[in-house]
Amino acid sequence: MRILLDKFSKSFGATKVIEDMDLNVGSGEMLALLGPSGCGKSTTLFAICGIHRPTSGRILFGNRDVTSLSSQERNVGVVFQSYALYPHMTVAENIGFPLTVRRMTAAEINKRVAEIAALVHIDNLLDRKPSQLSGGQQQRVALARALIRRPDVLLLDEPLANLDAKLRLEMRSEIRRLQKETGITAILVTHDQVEAMSMCDRIAIMKAGEIVQIATPSEMYNDPRTAFVAGFLGNPPISFLTGRAKQGAFALDDGGLKLPLAALSGIPDGTALTLGIRPEHFGIGGDVPVEGKVTFAETQGRENLYDVVLPDGSALRSIQPARSDVKPGDSVRWSLDSKAALVFGEDGRRL
Ligand SMILES: Nc1ncnc2c1ncn2[C@@H]1O[C@H](COP(=O)(O)OP(=O)(O)OP(=O)(O)O)[C@@H](O)[C@H]1O
Ligand SMILES: [Mg+2]
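The rules we used
- Residues numbered from 1 in each chain as written.
- Chains lettered and ligands numbered in written order.
- Predicted model: local features only at pLDDT ≥ 70, side-chain atom pairs only at ≥ 80, totals over all residues.
- Heavy atoms only, no water.
- Helix = DSSP H or I, 4+ residues; strand = E, 2+ residues; numbered from the N terminus.
- Expected span 1.5 Å × (residues − 1).
- Buried < 20%, exposed > 50% of the residue type's maximum accessible area, 1.4 Å probe, protein only.
- Contact = heavy atoms within 4.5 Å.
- Domains from an automatic or database assignment.
- Buried area = accessible area lost by both parts, 1.4 Å probe.
- Polar contact = N/O pair within 3.5 Å; in protein donor to acceptor, adjacent residues only side chain to side chain.
- Nonpolar A, V, L, I, M, F, W, Y, C, P; charged D, E, K, R; others polar.
- Phe/Tyr/Trp six-rings, centres within 6.5 Å; stacked < 30°, edge-to-face > 60°.
- Lys NZ or Arg CZ within 6 Å of the ring centre and 35° of its normal.
- 1 Å grid on protein atoms, 1.4 Å probe; cavity = no way out; pocket = protein on both sides within 12 Å on 5 of 7 lines; lining within 4 Å.
- Points joined across faces, edges and corners; volume = space filled by probe spheres on them.

**Comments concerning helix H6 (residues 165-182)**
End to end, H6 covers 26 Å across 18 residues, agreeing with the expected 26 Å (1.5 Å per residue, within 8%). Taken residue by residue, H6 has Leu-167, Met-171, Arg-172, Glu-174, Ile-175, Arg-176, Leu-178 and Gln-179 as its buried positions. Buried residues belonging to H6 abut strand S3 (30-34), helix H4 (106-119), helix H5 (135-147), strand S7 (153-157), strand S8 (185-190) and helix H7 (193-199). Positive backbone phi, at 70°, marks Gly-183, one or two positions downstream of H6.

**Let's talk about the environment of Ile-18**
With respect to the element layout, Ile-18 can be found in strand S2 (residues 15-25). Judged by relative accessible area, which is 1%, Ile-18 ranks as buried. Once the C-alpha coordinates of Ile-18 and Pro-54 are considered, the two residues, 36 residues apart in sequence, prove to be 9.3 Å apart. In contact with Ile-18, other than residues within four places in its own chain, are Phe-8, Ser-9, Lys-10, Cys-39, Gly-40, Thr-43, Thr-44, Met-206 and Gly-209.

**Section: the domain arrangement of the protein chain**
Annotation of the protein chain at the domain level lists domain 1 (3-229) and domain 2 (239-344). On a C-alpha basis, the centres of domain 1 and domain 2 stand 39 Å from each other. Taken together, the contact between domain 1 and domain 2 spans five residues of the former and five residues of the latter. Counting the surface domain 1 buries against domain 2, the share from its top three residues, Tyr-221, Pro-224 and Ala-227, is 84%. On the surface where domain 1 and domain 2 come into contact, there are two residue pairs in polar contact (both at pLDDT 80 or more). A breakdown of the residues in the side of domain 1 that touches domain 2 according to their chemical character gives three nonpolar, two polar and no charged.

**Here we look at the packing of aromatic side chains**
Using the criterion set out here, one finds six aromatic pairs in the structure. Put simply, the rings of Phe-282, Tyr-306 and Trp-334 pair up and form one aromatic cluster. Above the face of the Phe-228 ring, Lys-207 is positioned so that its terminal group lies 4.8 Å from the ring centre.

**Some thoughts on the environment of Ile-109**
Take Ile-109: it is sitting in helix H4. For Ile-109, a relative accessible area of 11% corresponds to the buried category. A sequence separation of 17 residues divides Ile-109 from Ala-92, and the C-alpha atoms of the two residues are 9.4 Å apart. With sequence-adjacent residues up to four places away left out, Ile-109 is seen in contact with Gly-96, Leu-99, Thr-100 and Met-104.

**Structural notes on the layout of surface pockets**
Reported here for the largest pocket is a volume of approximately 630 Å³. Around the largest pocket, the lining comprises 21 residues; the ones closest to its centre are Val-76, Val-78, Pro-98, Arg-145 and Arg-149. If you tally residues by element for the lining of the largest pocket, the top one is strand S6 (residues 76-79), at four residues. Across the lining of the largest pocket, the residue classes break down as 14 nonpolar, four polar and three charged. Reported here for the second largest pocket is a volume of approximately 190 Å³.

Structure (structure tokens):
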């Protein structure tokens, strides 16, 4: 079921949170809404699920305009960060609750609960109470409860935030498997870029109530439209250098680095620029040597992470296979890959 937002706006009193947002989530697609705290992700999700009424604009499921329908009438499955299971009910009763409310027969409910419990791999836990489950198991119960009504769309608001790192990893692939197996259209709200990249077909990056870019994870990573997007994706994050255009090259103000770039042909000398270099594009390989001093070194097992400060005070980050010959305080002359450098204008837009 396709989800369409058509000039969706939402204000709370005089505060405009979302203005004229257009969004099209294809049938069977899983889309991430990714952005910093307070940018309007939950507000958007709540409007899609029917908790908030849009101030203006329309929301469509397929060709059906659901803008003025209640949550119940929209047939959505929702999982929130605090998945709020009923503590006095068993797992089976929790999962079956949306059907009990609909006054389905006990036989039919039991059948559907067994089906969905098998799908999320908790069929052996149906008689337990939520307090007797691990975080990941509780999360599966919440998912089963969201899916049991066979919703047209699945809406997830930070569903993994309460889980520890290992469980989060496990549930990421689990949720994606379920979404693919059921073919359900899903929207995942998160501020975790790794979660968005690993779970979703496309990512919409939001900033202050607007979608700044919508693309597949690899497009978004390799071809960010703004410095904000480039800075949001990637761990460890991209480094930025500020300088100016000089005869078709990017130049640091102290003249310490001059990087000829195709994107800069025709850009007037003196134009303020920001250069983005991802850590994997500085250190080994590369074509433009840069001198600097290592100020930070960290081993991450298979790889090492370094911060290198250039003579003008700006810093580049480098990630490379683990080595033991470089330590803080060392002077290095490493190369950066000029073909992979991203150039942004003063307004943050990619050139
Ligand atoms: N009921 C409300 N009344 C007034 N302002 C609200 C209300 N709900 C949200 N807001 C405001 O709208 C903005 C967006 O909030 P929202 O909850 O959508 O952010 P978010 O992107 O989900 O952030 P987070 O990652 O922290 O959950 C915030 O500035 C918030 O203060
Ligand atoms: Mg939120």
